[in-house]
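Chains, contacts and geometry: an overview
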Amino acid sequence: MASREALQKRIDKSWVSKKSQQLFDQLGFDEQLDDAILLIKKRRVLDFVVTTGSFSARVYGDVGAPKVVSVSIPVVSEAKWKKAFSLMAKKALFSSAILAEQLPKDVLAVFSQIGSDLIPEDTSKIVIKVEGKKQKDLDDRAAAVIYRFLDRVVDDPFLLFALRGKGVEETIIELRRHRLALAESKREQESEDLDEVDGASVLIPTTSDFWQTPNTTELSELEYNIKADELPAAILKRLDTLPLDGVEDEVEPLLEEAYNHVTTRAQAYGLGL
Amino acid sequence: MRLWQAVWELSGRLIIWGESEQTYRDLSGKKPNSDGKSKTEHPFACSIKSLVDDLDGLEFDADAEGYAKLWLPTQDGLPVASTKLLEVCDQTYPNDCTLSCWKVPCLVLDPLASMAFLSSRAESPPEKLHFQDSFLVWQESTKYLLDLLAHGRFIPLLSRQGGNYLARWQTVVNQELDTKRLTTLVRALPAAAKTPVELEIDPEDDLGTKTIIDDSQTPNLLNSTVILESFLSHCGDALIRMFLKSRELSTEYMRSRATHGAVTGWLQALTNAEPEIGSSAHELLKLEEKIKLWSSKLLAGGVAGRFQTCFSVIAPEEVPSRFENAQWQIEIVLQSPGEPQTFLKAEDFWAGKLGFLGKTDLNREEIEEILLKELGLARTAFPELDMALEGSSPSMIELPTNEAWNFLKDTSPALEKLGFRVNTPEWWGSSNGQLGLHLSVESPDSNKGSVVDMLGMSQLVDFSWSLSLGDEKISAEEFKKLIDQKSNLVFIGNQWIDIDPKKLESTFKFLESQEGVSKMKLIDALRFGFGVAQGDDTIPITGFSSTGWVGNLLNSDSSSIVLDRKIKNFNGDLRPYQKHGLSWLYFLTQVGVGGCLADDMGLGKTVQFLALLQLEREIVVEEKEKGSISDEFRVLPTLLIVPMSILENWEREAAKFAPEIKVYLHHGPTRQTGPAFSRAISGYDLIVTTYSLAHRDEDALAQAQWGRICLDEAQNIKNLATKQSKAVRKLAEDQLLQNRPNSMPVHRVALTGTPLENRLDELWSIFDFLNPGFLGKLSEFRSRFTLPIERHRDQASSEALSKLVKPFLLRRLKTQPDIISDLPEKIEMEVYTPLTTEQASLYQKVVDQMIPEVSKLDGIHRKGLVLSSLTRLKQICNHPSLYLKDGGETSARSGKLNRLEELLEVILAEGDKTLIFTQYAQMGEILKKHLTSRFNEEVIFLHGSLSKKNRGLLIDKFQTTEGPKIFILSLKAGGFGLNLTEASQVIHYDQWWNPAVEDQATDRAFRIGQKKNVQVRKFICKGTLEEKISSLLSSKKELADNIVGTARSTITEMSVNELRELLQLSTGTPEKSDIKPGSEIEIELR
């Protein structure tokens, strides 16, 4: 089936994809995958929203009014999040990856260590409700909403964090805090003199320096050459082709022309024209 | 006085506020808040009205007005005045200030208004207005931004803000100079410009998001870099949008396709006034990822590139007996982008040091997060990095030898592609540290100045192979040990080197196969030595040495070949570089190796070749007299193959420079073929024929024994498939196979002025003629050189090819300092061209009609007829179309035009510009049309009908470096008063018969400002009145002052017989195939 193949391709992309499909199958929707995708393609899944502890959407069937499908997953407790961040802060991997907008697979182990699971292993914790339907009569609409969520998770794994209680910004801040605390305790433990540590911190001058440029001479020696470059789009040549879904060849000359125009106009602007 | 400050607010607004000297003076001695203002209102700040009035005085409007909360130095409940204000009021700055939050009236400018204000109005404030230091920084930052934009240092990006996707232009600071300037600007920002700002303005005027500051706690000042980057980012984006207003970056087709929604939406939003993109969020998310990855190469490296994350490969200090067990370290380093020698090891950073980063405005936490984020990006290309990231302080990864090799080979370029720097060991990728084969060839010395009987490229030479690492030889035992290691990185000669174990094995087998073999053909030795005969399965040949004449041949500096002797019967002095060319040609003759003299046009290839013929002749005579060669020894004749258009030029040049050389022109319908040809050429030294006859008279030419075959304008054989190219090649090959007991093997020479390095297949084709097989098969040559050089601009292949052909190719450019100083500033040449059949037919017809008529007329009628006939004949010489006014096809109808095309092909390839003078405006039009289409180049034409303004425009256009390369001028309109020093080539397409007029025209190019040597060519149709009058001019110098009048009166007064003698075609039979394939010769000329 073409749609399964498509999903398979995406699964190959990352561990998140694999886990997503496992979850989809564990929830018993494997037979309804094609129908779920069809509903999405027909734009019958509307108002999809992810909030802490749940996600929902309105889904149209073949007839009648749309039904609200909501899926609830228990939020990870604050205490457990704290433990999770504390564990994550001990490995630079998490801060590195999350700052670079990646979610490393090791995060599953962290949640396991704190006695929780980022992606519920136990599907009984997941409560799916379809407006006007009983739990045992879940239909394609539920499959469509679950698929929509998992599909989004593949692109943005941090939706899992958001669902379980912490947004990505908050995660970064917490990790920073825990790393600082860790470093602090390490420093105290080692009781070393770190003379240069504060070398870069910002001091607030309240003397006459407050008003004055510290390097007037250096500033006055700056020289500029506001002249349109002979190779205005050279910077584009240094990069790979701009990824534009197959229309690169059409856009490239227009973009080069735009660079040419901007460089010429910048020169004229610099001359006060 | 009012003293203004400017603060950049991070949401993208310039806040202007000021201090009032008057109010400050008025407050002196009063208690705080005695003026009735609230305790947080700045007591001596300029009022909004004052600010607006002052701005109005500068003819500028603010986008909004309101109040801003700022943190300022404070003492005793009052804000401390700025240094400048205290100075104006003769006060000193107090000690023990604190920072407090003060509310000041302010004006607000959006990014575009800020740019406009800072780039113009802020330059010269009126007398009572003083701009504080913060203004200076913003003014400089404006110039900096315009400099970045003018140099194209910006890229389009897609980002997310809240739930919205935004299309943005981002300035890029990735050049060393830009980084230094930015650092200066960052350092220059005074604390007064770094205060957090909270704005209170009329909601209707609100230009952006609101920053709320907590005034109960003293804040940190904002980071200078963050402020500068916000300024550059907002103002850069706004300016680019303004510049690109109403421009489309997407096509109509794309906009009509729903599948390109995200891309189109993004591209449209890049030129819209607002950055929001209205496409589907799901598609935009994917596009955002792609664009992020695309731009990461430029934007990686942290905030404005304060440091660059690098990976340094450290080779193991201790080398185990099995190299595969060695442990390599990949060290993480924070490096200064502009100064690679300035760095901080991650290990030291985690230990608390800041090194050079301590001098930047980044604090430890900021550096740490940038570094961690960078490592997160790097792990996508370097998964082993996760090992280091397992700890809290990643600083280094240890890898075994084979994994280290993988890192160097694959991971390192992938990291560099992402914008990371990788410091590899010096030996990596260096040919100095390469293990290679060395080929030594031994040959006897050449006996300078005498004829040596050599077999050329087929000669067997002694050779031997050895192994080396750089300059060090490797013993067979050491080599065997390396093979046993089966490692990609091996330690030998106190260093690590990169080696393919399979290649080592193949090389070992190859060397085994060579045991006991001591001789090989020179051509094979050369092909091995230059690496063209070697397959990819063995280690490379990195060394090639030779002794004796092979050593001389391969000497990288052919100037060592010096022949210090005079040529007795040669008219003319050779310039030093021409003597060198002659010595080189003679050396190649001696050793029987073909060579290509590829000097720039005008450097005298013809003269050097004629000197060679004369020299060879004289040396043989001397050697025979000395008895060093037998009396039987013969110098066989030289066959010279040339384009039809220069056939007769050769005859003239030979007669002029080497009159002893007997020249036989083999062309025309009466030429000898079959056995008669051999008889006809007997006793001649130089037989000149054309490329088309080389094919058509293939059999006749093959019967003779040639001492040398020379191709002039050798690019004529570039197309391998043509019959003439095949015929020339076959002729040379057959001659090589001939057994010649009393003469040398056929020597092959090619003369061409076209830059060969740009036309590689042509180079192959010429070399296949010169030294067959030396460059291998064409298919091999294409994959080894043509594709890498022409398509990928591969420098290494280009250098390898250059090295390969260097011994057989001598090319001097007229721009070389040693050549330019050796050349006269102006070189004048007469270029003789033949008539085509059509021209000859028309010419003869005019003469035949005129002569009988003339005899019947007298007086003014006779004179009129003669003069009008002269004009007609000159027109025919130029082009039949000029005479017939038929407006028809112009190709291949005129000998002059044919030659002009050939010359221009070379001139354009050499990058020179040309002036072409003609006395006929109509001829100028014909040339313009024809040359434009022939060369696909802009050709401009200056003639009498153009207005003064348009003439000026044409001249200005031509005088720019990138302007048109061909400029046609009518002699009357363009012959005087113009400065056209961009041209270094002047062609007089027809003659005025007044040297003074022609010189004046030539002087358009040859005048002050001319930096090159000027070459002047005068086109003369061979066998016509043009040639005869030209001879007349040369022999009768007294007529030179005004030959037109004299010649005209002389000609009109000539008798019928004299006229017939002057005008009748004398020589120059046109050749059928050089005119139009398949056409018949219509008339027989005497």
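Note that residues are indexed from 1 along each chain, following the sequence as it is written. The naming scheme follows written order: chains are lettered A onward, ligands numbered 1 onward. Only residues with pLDDT of 70 or above have their local features reported here, since the model is predicted, and side-chain atom pairs are shown and tallied only from 80 upward, although totals for entire chains, interfaces and linings are computed over all residues. The basis for the side-chain values is all heavy atoms of the structure; hydrogens and waters are excluded.

In this section: the overall build of chain B. A helix here means a DSSP run of H or I that spans at least four residues, while a strand means a run of E at least two residues long, and both kinds are numbered starting from the N terminus. Looking only at helices and strands, chain B has 41 helices and 34 strands in total. The long-range fraction of contacts in chain B, counting pairs at least 24 apart against all pairs at least 6 apart in sequence, stands at 74%. Throughout, the Shrake-Rupley method with a 1.4 Å probe supplies accessible areas, and for residues the shown protein chains are the sole cover considered. Of the accessible surface of chain B, which amounts to about 46200 Å², a share of 48% is contributed by carbon and sulfur atoms. The contact definition used throughout considers only heavy atoms, calling two residues in contact when any of these lie within 4.5 Å.

Right, let's get into the overall build of chain A. When helices and strands are tallied, chain A shows 12 helices and 4 strands. Burial here depends on accessible area, computed with a 1.4 Å probe over protein chains only, as a share of the maximum for the residue type. Under 20% is buried, over 50% is exposed, and the range in between is partly exposed. Counting across all 273 residues of chain A, residues that qualify as buried make up 43%. Across chain A, contacts joining residues at least 24 apart in sequence account for 66% of those joining residues at least 6 apart. When the accessible surface of chain A is split by element, carbon and sulfur atoms take 49% of a total near 14400 Å².

Another point: the interface of chain B and chain A. Residue-level contacts link 109 residues of chain B with 80 residues of chain A. Buried area: the accessible surface (1.4 Å probe) lost by two parts on joining, summed over both. Taken over both partners, the interface formed by chain B and chain A buries close to 7900 Å², and the fraction arising from carbon and sulfur atoms is 61%. The largest per-residue losses of area from chain B upon contact with chain A belong to Phe243, Trp294 and Glu369 of chain B, which jointly make up 9% of the total buried on that side. Whenever Lys or Arg places a side-chain nitrogen within 4 Å of a carboxyl oxygen from Asp or Glu, that contact is recorded as a salt bridge. Scanning the region where chain B abuts chain A turns up 5 salt bridges. Across the salt bridge formed by Glu257 of chain A and Arg247 of chain B, the nearest N and O atoms sit 3.3 Å from each other.

All names here are of chain B. When pLDDT is averaged along chain B, the result is 83, and 88% of the positions lie at 70 or above. The least confident element of chain B, judged by mean pLDDT, is helix 41 (residues 1072-1075) at 38; the most confident is strand 23 (residues 638-642) at 96. Confidence of the predictor in every single residue is expressed as pLDDT, which spans 0 to 100. Long-range and interchain partners of residues 1036-1046, a stretch whose pLDDT sits below 50, account for 13 contacts in this model, where long-range means more than four residues apart.

What follows concerns the sheet that holds strand 2 (residues 54-59) of chain A. Residues and elements named next belong to chain A. Think of it this way: DSSP has to see at least two bridges between two strands before they count as a pair. Taken in spatial order, the 4 strands line up as 1-2-3-4 in an open sheet, and their pairing is antiparallel. At either end of the open sheet lies a strand with only one pairing partner, and these are strand 1 (45-51) and strand 4 (127-130). Direction aside, neighbouring strands of the sheet carry axes that sit 10° apart on average. Sheet analysis places strand 3 (residues 67-72) next to strand 4, joined by 4 bridges and oriented antiparallel. Opposite Val71, over in strand 4, you have Ile128 as the bridge partner. Between N-to-C directions, angles cover 0 to 180 degrees, with each direction set by a line fitted to C-alpha atoms, over the stretch in contact for helices.

A separate point is the confidence of the model for chain A. All names here are of chain A. Of all residues in chain A, 84% attain a pLDDT of 70 or more, and the chain-wide mean is 80. Of all helices and strands in chain A, the one with the weakest mean pLDDT is helix 1 (residues 2-11) (38), whereas helix 4 (residues 78-89) scores best (94). For residues 1-12, every residue scores under 50 in pLDDT, and the model assigns this stretch 18 contacts once sequence neighbours within four places are set aside. Within the model, the stretch residues 191-203 combines pLDDT values under 50 with 23 contacts to residues more than four positions away or in other chains.

We now examine the packing of helix 33 (residues 895-909) of chain B against helix 34 (residues 921-935) of chain B. Residue and element names in this part refer to chain B. Packing of helix 33 against helix 34 leaves a shortest axis separation of 12 Å and a crossing angle of 50°. Classified by the angle between their axes, helix 33 and helix 34 sit oblique to one another. Crossing of helix 33 over helix 34 shows right-handed handedness. For the pair helix 33 and helix 34, contact is made by Leu897, Leu900, Glu901, Leu904, Glu905 and Leu908 and by Leu927, His930, Leu931, Arg934 and Phe935, respectively. The classification used treats Ala, Val, Leu, Ile, Met, Phe, Trp, Tyr, Cys and Pro as nonpolar, Asp, Glu, Lys and Arg as charged, and all other residues, Gly among them, as polar. Across the contact of helix 33 with helix 34, the residue classes break down as 7 nonpolar, 1 polar and 3 charged. Working rule for angles: under 35 degrees goes down as roughly parallel, over 145 as roughly antiparallel, 65 to 115 as roughly perpendicular, anything else as oblique. Working rule for handedness: look at the near helix, and if it is turned counterclockwise from the far one by less than a right angle, call the crossing left-handed; if clockwise, right-handed.

Residues and elements named next belong to chain B. Here strand 25 (residues 686-690) lies mainly inside the structure; 5 of its 5 residues are buried. Two strands pair when backbone bridges link them, and strand 23 and strand 25 are joined in this way by 5 bridges, in the parallel orientation. Considered in strand 25, the bridge of Val642 is made with Thr690. Pairing of strand 24 (residues 663-666) with strand 25 involves 4 bridges; the strand directions are parallel. Within strand 25, the position partnered with His666 by the bridge is Thr689. Handedness of a crossover is defined as follows: with both strands directed away from the viewer, a clockwise route from the first strand across the helix to the second makes it right-handed. Handedness of the strand 24-helix 22 (residues 675-681)-strand 25 crossover: right-handed.

As a further point, take a negative patch on the surface. Residues and elements named next belong to chain B. Together, Asp56, Glu59, Asp61 and Asp63 make up a negatively charged patch on the protein surface. Here Glu59 lies in the loop between helix 2 (48-57) and strand 3 (64-75). Exposure remark for Glu59: the relative accessible area of 65% places this residue in the exposed category. Only residues above 30% relative accessible area that lack a salt bridge enter a patch, with like-charged residues linked at up to 9 Å and the nonpolar side chains Val, Leu, Ile, Met, Phe, Trp and Tyr linked at up to 5 Å. Charged-residue counts in this description rest on Lys and Arg as positive and Asp and Glu as negative, His and the chain ends being excluded. Here the site of a charge means NZ on Lys, CZ on Arg, CG on Asp, or CD on Glu.

The nonpolar side chains of soluble globular proteins are, as a tendency, buried together. The set of buried Ala, Val, Leu, Ile, Met, Phe, Trp, Tyr and Cys residues whose side-chain atoms join them within 4.5 Å is what this entry labels a nonpolar core. Counting residues in each nonpolar core, the largest one holds 210 residues, and the members touching the most others are Met88 of chain A together with Phe311, Leu385, Leu435, Trp706 and Phe774 of chain B. Sorting elements by how many residues they give to this core places helix 7 (residues 140-155) of chain A first, with 9 residues. Listed in part, the 82 residues of the second largest apolar core include Val247 of chain A together with Leu14, Ala150 and Phe154 of chain B.

With that settled, consider the pairing of strand 2 of chain A. All names here are of chain A. Side chains Phe55, Ala57 and Val59 project from strand 2 onto a buried face, and the interleaved Ser54, Ser56 and Arg58 project onto a face without burial. In terms of strand pairing, strand 1 meets strand 2 through 5 bridges, oriented antiparallel. By the bridge assignment for strand 2, Val50 is matched with Phe55. Adjacent in sequence and paired antiparallel, strand 1 and strand 2 are bridged by 2 residues, among which Gly53 carries a positive phi angle near 85°. Here 6 bridges tie strand 2 to strand 3, and the two strands are oriented antiparallel to one another. Note that in strand 3 the partner of Val59 across the bridge is Lys67.

Further remarks concern the packing of aromatic side chains. Residues and elements named next belong to chain B. Only rings of Phe, Tyr and Trp enter the pairing, Trp through its six-membered ring, and a pair is recorded when the two centres are within 6.5 Å. The plane angle decides the type: under 30 degrees is stacked, over 60 is edge-to-face, the rest tilted. Taken as a whole and judged by the stated rule, the model has 48 aromatic pairs over all chains. Ring plane angle 65° and centroid distance 4.8 Å describe the contact between Tyr24 and Phe44, whose orientation is recorded as edge-to-face. One end of the pair, Tyr24, is in helix 1 (residues 21-27); the other, Phe44, is in the loop between helix 1 and helix 2, with 20 residues separating them in the sequence. An identical accessibility class is assigned to Tyr24 and Phe44; each is buried. Grouped by ring-pair contacts, the aromatic residues Phe323, Trp328, Trp427, Trp428, Phe491 and Trp496 constitute a single cluster. Either the NZ atom of lysine or the CZ atom of arginine qualifies as a charge over a ring when it sits within 6 Å of the ring centre and within 35 degrees of the ring normal. The ring of Phe508 has Lys480 sitting right over it, with the charged end atom 5.7 Å from the ring centre. Taking NZ or CZ as reference, Arg652 lies 3.7 Å from the ring centre of Tyr832, over its face.

Whether parallel or antiparallel, the strands of a sheet pair through hydrogen bonds between backbone atoms. Residues and elements named next belong to chain B. Spatial strand order, 24-25-23-26-27-22-28: 7 strands in an open sheet with parallel pairing. The open sheet is flanked by strand 24 and strand 28 (809-810), the only strands paired with a single partner. Examined bridge by bridge, strand 22 (residues 595-597) and strand 27 (residues 747-751) share 3 bridges and lie parallel to one another. Its bridge partner lying in strand 27, Cys596 is registered against Ala750. Here helix 19 (residues 576-591) sits on the sheet in contact with strand 22, strand 26 (708-712), strand 27 and strand 28, set at roughly 165° to strand 22. Across the sheet, helix 21 (residues 647-657) lies against strand 23, strand 24, strand 25, strand 26 and strand 27, angled at about 170° from strand 24, the strand it touches most.

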